[in-house]
Amino acid sequence: MNLSYLFAELSRRPGRTSSAILSVALGVALFVSLQAYASGYRQAARAPLAEIGADIAAQRQGDVPEAFQGIVFPHSTAPIHRDEISAARRLPGVEAVGEAVLFWDFEPDQFLVVLGLDPTSTTGPGRLIMAVTAGRFLAPSERGTTVADATFAREKGLRLGEVVPIAGQPFTLVGLVDTSRAGQVANANLYIPLADAQALSYAAPNVRAVHDFRADDANILFIRANQAQVDSVIAAVTNLMGKKAIVSSARSFSQVLGEAYRLVDRFGWLVGLAGLLVGIAALLRAMTANLWERRRDIGVMRAIGWRRKDIMGQLAGEAVTLALVGVLVGLVLAAFVTLVLSQTSVTVPVPWELSPTPHFLPGGAQAMAVTIRLPAQISLAAALSALGLALAGSAVLGLGLAGRAARIKPAEVLRSE
Amino acid sequence: MNDVLQTENLDKSFGSVKAVQDVSLTIAAGEFVAIMGRSGSGKTTLLQLLAGLESPTSGRILFEGQDISHLDEDGLALWRREHVGLVFQAFHLIPTLSAVENVAFPLYPTSIQSKERRQRALARLEQVGLAQRAGHRPGELSGGEQQRVAIARALVNRPSLILADEPTGNLDSQSSAEVMELFRNLNREEGVAVVVVTHDSDVAAVTDRLIEMKDGRIVKHDSQAQRMPAYVVKEER
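Note that the structure is a prediction, hence the values are computed from the model and not measured.

### Examining the overall build of chain A
Step number 1: Across its full length, chain A holds 13 helices and 13 strands.
Step number 2: With the principal axes as the frame, chain A shows a C-alpha extent of 105 × 40 × 35 Å.
Step number 3: Relative to its full complement of 417 residues, chain A shows a buried share of 47%.
Step number 4: Residue pairs at least 24 apart in sequence account for 83% of intrachain contacts in chain A once pairs closer than 6 positions are excluded.

Here is the structure:
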């Protein structure tokens, strides 16, 4: 392949060259941008759980409490027994399990959403340690302390050091946390040590009336899984917890993201691929027209001593160069589109199972959602796929066309002049 | 004098049309020959056979004693690249390339470095009097200039044989005379054999030998001594 001839052909036929490059570029931009859009939504769907360091939240559906007095469990958080928690920890692909006890406390003068957590666990609401805005977080092994959601504390006029009653038991307020920094999953008014939550629940008549809650049980598990095995872990956890299992993951969030996302997620790859193929087809069309125009030139090349393989190499080189430049321009276009997409916000609704507030209380029926910037990013795999497809497509088609062109009989095309 | 090209009983048919029939001729090294005839006489087909652009239906073509009739298309292309310069009536320059790039064009698929290609092309352009037009593209050159670029292109691979098909067919008389004078000088100074196909007797008159064709056959051989060169006559007036 002669580069100066290649450069002359491409640069001195600017209309044809730019239209061929633009065709490929638009196909590549569509392909890569749609992947970035879909991947942005996939990342967004992971965000609510990822914010608390988990990939999966596991719960179990239970019975509705007989009476809403004192401590009761929401009906989506029936007990998960210790042997089940241990079995979950041993599942292949499970990297960490955080456990929690969520309960409602109906008192004559107040209603509380309380979450018992292990402050040493970085999987699950233990992560709230990073969201402390005043005072301190719960310490390992301590009992009788609580931290409050900062908004709740402000509304109730709570101050650090104050004793807050939970189910009649005194808890000292040691800190405030900004739960908005940790997403809307496992959101509560007050956070207490897991052991306290287990003890209170075990002693609660309205819990024991409908649930077989044992002293060391939990009712929500937060599971971090190997990213390559998330799906198999979901299946295994669902199987472990039985038919009443409620297993939430990025997929649960993506299912409530809306039609636009579902279309892009399901058909984005296909539409992008179709766009890319149309781009390559347009390149093929431009090349075919180009070779028809250059039949005489190709005849001259044969006449003055270019072998068939010299001509094929030259013409295929032109096709591949056009495709390569088209891909690069397309990637720049895709980067621009992705930048624009990443400036938009996406609201991720939280499935009702993870909502800690009873729907029959004021505000409880409000849909919870996490709003974040769409984390759209060009994926290396999509960029390399576009590059590979465009180069392979143009090389194969270019060689095919060039092979036909190189069979031109010089005597015929030169005689016809 | 050694023979550069020889044909033996050359025939070429297109279907039932016999374009060339039983042509046996010899071109000696350094000879300047015209093949003349009316339209349809088979002279262009004969030139294409000599150039390996068409394959003969029967007969042989020998180049410097070697039979080239059996070579495949790529073999013939290589043979042309190494030994033959071609000049066409319609110039057939590559429109996207400058004059110097067009001259260097036959060398593009070789291993010759681009700097040397350019130097050789510039030297040939200077030889045809167009060094100052090296950067111009064909569309910016006159017909005569384009044909001189085409002649420079035919010379760039230092051929021992130039085959020219109606090289003055698209030129005015002034340019035609200049082009034929160029061929004459190249023939004398470099000893390159030149075969010109023409229907123009003035053009044929410049050559050393005239081969006349009719209905695909050679009907007459004339040497220079037997003819009065037309351009010489014009100059003497």
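After that view, the rundown keeps rolling.
### Points about the overall build of chain B
Step number 1: Secondary structure summary: chain B contains eight helices and 10 strands in total.
Step number 2: Relative to the 2.2 N^0.38 estimate, which gives 18 Å for 237 residues, the radius of gyration of chain B is 17 Å and therefore close to what a compact globule would have.
Step number 3: Dimensions of chain B, computed from C-alpha atoms along their principal axes, come out at roughly 50 × 45 × 35 Å.
Step number 4: For chain B, the residues scored as buried account for 50% of the 237 residues in total.
Step number 5: Across chain B, the fraction of contacts at a sequence separation of at least 24, relative to all contacts at a separation of at least 6, is 70%.

### Digging into the interface of chain A and chain B
Step number 1: On the chain B side, the residues contacting the 22 residues of chain A number 22 residues.
Step number 2: The dominant element in the side of chain A that touches chain B, judged by the number of residues it contributes, is helix H10 (residues 295–303) of chain A, at five residues.
Step number 3: Considering only residue class, the side of chain A that touches chain B consists of nine nonpolar, three polar and 10 charged.

### Here's the deal with the packing of helix H11 (residues 308–342) of chain A against helix H12 (residues 380–406) of chain A
All names here are of chain A.
Step number 1: As a packed pair, H11 and H12 sit with axes 8 Å apart at the nearest point and diverge in direction by 155°. Here H12 runs roughly antiparallel to H11, going by the angle between their axes. With respect to the hand of their crossing, H11 and H12 are arranged in right-handed fashion.
Step number 2: When grouped by side-chain class, the residues that make up the contact of H11 with H12 number 23 nonpolar, five polar and one charged.

### Description of the sheet that holds strand S4 (residues 58–63) of chain B
Residue and element names in this part refer to chain B.
Step number 1: Ordered in space as S2-S1-S4-S5, the four strands form an open sheet in which the pairing is antiparallel. What marks the edges here is a single partner per strand, and that holds for strand S2 (17–28) and strand S5 (66–67).
Step number 2: By the bridge criterion, eight bridges tie strand S1 (residues 3–14) to S2 in an arrangement that is antiparallel. Considered in S2, the bridge of Leu5 is made with Ile27.
Step number 3: Along the sheet face, helix H1 (residues 43–50) touches S1, S2 and S4 and points at about 60° away from the line of S2.

### Description of unusual backbone geometry
Step number 1: The phi dihedral of Ser141 of chain A is positive, around 70°, even though this residue is not glycine.
Step number 2: The backbone of Asp22 of chain B sits at a positive phi, close to 50°, despite the residue not being glycine.
Step number 3: Checked against the element boundaries, Asp22 of chain B lands in strand S2.
Step number 4: Owing to 15 C-beta atoms within 10 Å, Asp22 of chain B belongs among the partly exposed residues under this scheme.

### Observations concerning the packing of helix H2 (residues 14–50) of chain A against H11 of chain A
Residue and element names in this part refer to chain A.
Step number 1: The interhelical angle for the contact between H2 and H11, taken along N-to-C directions, is 40°, at an axis separation of 6 Å. One element, H2, and the other, H11, form an angle in the oblique class. Of the two possible hands of crossing, H2 and H11 adopt the one that is right-handed.

### Regarding the pairing of strand S7 (residues 161–165) of chain B
Where a strand is regular, its side chains alternate between the two sheet faces.
All names here are of chain B.
Step number 1: Burial of S7 is extensive: five of the five residues sit out of reach of the surface.
Step number 2: Side-chain alternation along S7 places Leu161, Leu163 and Asp165 on one buried face and Ile162 and Ala164 on a second face that is also buried.
Step number 3: Pairing of strand S6 (residues 84–87) with S7, which is carried by four bridges, proceeds in the parallel orientation. Considered in S7, the bridge of Gly85 is made with Ile162.
Step number 4: When S7 meets strand S8 (residues 193–198), the two strands line up parallel, connected through five bridges. Paired with Leu161 across the two strands is Ala193, which belongs to S8.

### Digging into the nonpolar core
Side chains that are nonpolar tend, in soluble globular proteins, to be buried together.
Step number 1: Counting residues in each nonpolar core, the largest one holds 193 residues, and the members touching the most others are Val24, Val28 and Ile223 of chain A together with Val195 of chain B.
Step number 2: The greatest single-element share of this core, amounting to 17 residues, is contributed by H2 of chain A.
Step number 3: Taken domain by domain, this core gets at least three of its residues from each of domain 1 (3–46 + 258–415) and domain 2 (62–243) of chain A.
Step number 4: Once residues within four sequence positions are removed from consideration, Val28 of chain A is found in contact with Leu276, Gly279, Gly326, Val327, Gly330, Leu331, Ala334, Ala386 and Ala390 of chain A.

### Some points on the pairing of strand S3 (residues 94–107) of chain A
Residue and element names in this part refer to chain A.
Step number 1: Most of S3 sits out of view: 10 of its 14 residues are buried.
Step number 2: When strand S2 (residues 70–72) meets S3, the two strands line up antiparallel, connected through three bridges. Considered in S3, the bridge of Val72 is made with Trp104.
Step number 3: Taken together, the six bridges between S3 and strand S10 (residues 220–225) define a ladder with antiparallel strand orientation. Note that in S10 the partner of Val97 across the bridge is Ile223.
Step number 4: Two elements, S3 and strand S4 (residues 110–117), share eight bridges in a ladder whose sense is antiparallel. Bridge pairing links Phe103 to Val114 in S4.

### Quick notes on the environment of Ala25 of chain A
Residues and elements named next belong to chain A.
Step number 1: Locating Ala25 in the fold gives a position in helix H2.
Step number 2: A count of 24 C-beta atoms within 10 Å places Ala25 in the buried class.
Step number 3: Considered as a pair, Ala25 and Val332 are 307 residues apart in the sequence and their alpha carbons are 8.8 Å apart.
Step number 4: Apart from the residues lying within four places of it in its own chain, the contact partners of Ala25 are Gly326, Val329, Gly330 and Leu333.

### Quick notes on the environment of Glu31 of chain B
Residue and element names in this part refer to chain B.
Step number 1: Tracing the sequence through the fold places Glu31 in the loop between S2 and strand S3 (32–37).
Step number 2: Residues Glu31 and Ser201, spaced 170 residues apart in sequence, show a C-alpha to C-alpha distance of 18 Å.
Step number 3: In this view, Glu31 contacts Ala193, Asp208 and Arg209; residues no more than four positions away in its chain are not counted.

### A closer look at the confidence of the model for chain B
All names here are of chain B.
Step number 1: For chain B, per-residue confidence averages 87 on the pLDDT scale, and residues scoring 70 or more make up 93% of the total.
Step number 2: pLDDT under 50 marks residues 228–237. Its contacts with residues more than four places away, or in other chains, come to 11 contacts.
Step number 3: The complex prediction reports pTM at 0.71, with the ipTM value standing at 0.88.

### Looking at the environment of Met312 of chain A
All names here are of chain A.
Step number 1: Note that Met312 resides in helix H11.
Step number 2: For Met312, a count of 22 C-beta atoms within 10 Å puts it in the buried group.
Step number 3: Counting along the chain gives 90 residues from Met312 to Ala402, while the straight-line C-alpha distance between them is 4.8 Å.
Step number 4: Aside from chain neighbours lying at most four places away, what touches Met312 is Leu399, Ala402, Gly403 and Ala406.

Parameters and conventions
Residues numbered from 1 in each chain as written. Chains lettered and ligands numbered in written order. Predicted model: local features only at pLDDT ≥ 70, side-chain atom pairs only at ≥ 80, totals over all residues. Helix = DSSP H or I, 4+ residues; strand = E, 2+ residues; numbered from the N terminus. Buried ≥ 20, exposed ≤ 12 C-beta atoms within 10 Å, placed from the backbone. Contact = placed C-beta atoms within 7 Å. Rg over C-alpha atoms; globule rule 2.2 N^0.38 Å. Nonpolar A, V, L, I, M, F, W, Y, C, P; charged D, E, K, R; others polar. Axes fitted to C-alpha atoms, helices over the stretch in contact; angles between N-to-C directions. Parallel < 35°, antiparallel > 145°, perpendicular 65-115°, else oblique. Left-handed = near helix turned anticlockwise from the far one by under 90°. Pairing = 2+ DSSP bridges. Core = buried A, V, L, I, M, F, W, Y, C linked by C-beta atoms within 7 Å. Domains from an automatic or database assignment. pLDDT = per-residue confidence, 0-100.

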